[in-house]
Amino acid sequence: MHEAGLAAALAEELLEIARREGGRILRFSVEIGALSGVDPEAFRLAYEALRETVEELRETEMQLVLVPGRFRCQRCGREFEGDYFAVCPGCGDPGKSVLSGEELLLREVELDV
Ligand SMILES: [Zn+2]
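What counts as what
- Residues numbered from 1 in each chain as written.
- Predicted model: local features only at pLDDT ≥ 70, side-chain atom pairs only at ≥ 80, totals over all residues.
- Heavy atoms only, no water.
- Pairing = 2+ DSSP bridges.
- Helix = DSSP H or I, 4+ residues; strand = E, 2+ residues; numbered from the N terminus.
- Axes fitted to C-alpha atoms, helices over the stretch in contact; angles between N-to-C directions.
- Parallel < 35°, antiparallel > 145°, perpendicular 65-115°, else oblique.
- Left-handed = near helix turned anticlockwise from the far one by under 90°.
- Contact = heavy atoms within 4.5 Å.
- Donors = N, O, S within 2.8 Å, 3.2 Å for Na, K, Ca; no water.
- Tetrahedral: all angles 85-135°; square planar, octahedral: opposite > 155°, others 65-115°.

### Here's the deal with the sheet that holds strand β3 (residues 70–73)
The pairing of strands in a sheet happens through backbone hydrogen bonds and is either parallel or antiparallel. Here 3 strands make up an open sheet; going across it, the order is β4-β3-β5 and the pairing antiparallel. Strands at the two margins of the open sheet, each flanked by one partner only, are β4 (79–81) and β5 (96–100). On average, each strand axis in the sheet is inclined to that of its neighbour by 35°, with strand direction left out of account. Across 3 bridges, the pairing between β3 and β4 is antiparallel. By the bridge assignment, Arg 70 is partnered in β4 with Glu 81.

### Structural notes on the packing of helix α1 (residues 2–21) against helix α2 (residues 40–51)
Relative to each other, α1 and α2 sit at 55°, their axes nearing to 8 Å. Comparing their axes, α2 and α1 come out oblique. The hand of the α1/α2 crossing is right-handed. For the pair α1 and α2, contact is made by Glu 3, Ala 4, Leu 6, Ala 7, Ala 8, Leu 10, Ala 11 and Leu 14 and by Ala 42, Phe 43, Ala 46, Tyr 47 and Leu 50, respectively.

### Describing the coordination of the zinc ion
On the protein side, the zinc ion has Cys 73 (SG), Cys 76 (SG), Cys 88 (SG) and Cys 91 (SG) as donor atoms, found 2.3 Å from it. Coordination at the zinc ion is tetrahedral: its 4 donor atoms span angles of 104 to 117° at the metal. Site description for the zinc ion: donor spacing in sequence, C-x2-C-x11-C-x2-C.

### Examining the sheet that holds strand β2 (residues 61–67)
Ordered by their spatial adjacency, 3 strands build an open sheet running β2-β1-β6, and the pairing between neighbours is mixed. Two strands bound the open sheet, and with one partner strand each, they are β2 and β6 (104–112). The average angle at which neighbouring strand axes cross in this sheet is 15°, direction not considered. Against the sheet, α1 makes contact with β1 (24–33), β2 and β6, and its axis sits at roughly 35° relative to β6, the strand it touches most.

Spatial relationships are all this shows, so hold off on functional conclusions.
Written out as structure tokens, the structure is:
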């Protein structure tokens, strides 16, 4: 399960922040892009299982923020939401660049210092 590896990487990052700031993590949010290939529910479960095994993270609260896939049409410049198979609703062109939705980002870490 690829979410387990991602949750482990997230836990590492949190512990690193806690060490650097000299506090305890209370809550944090993670942005998950619709195009990232990460299943938010699986990710939540993976993190919840993991934090039980890490003393410093046991009391943490994770908020997931889902970011939709957004594209800009390479032909007419229109911006739209969708997945990788979406075509431009304006001109029907499949050529597009990704604006957002591929991220898996740790945001807004709240510490008790
Ligand atoms: Zn277009």
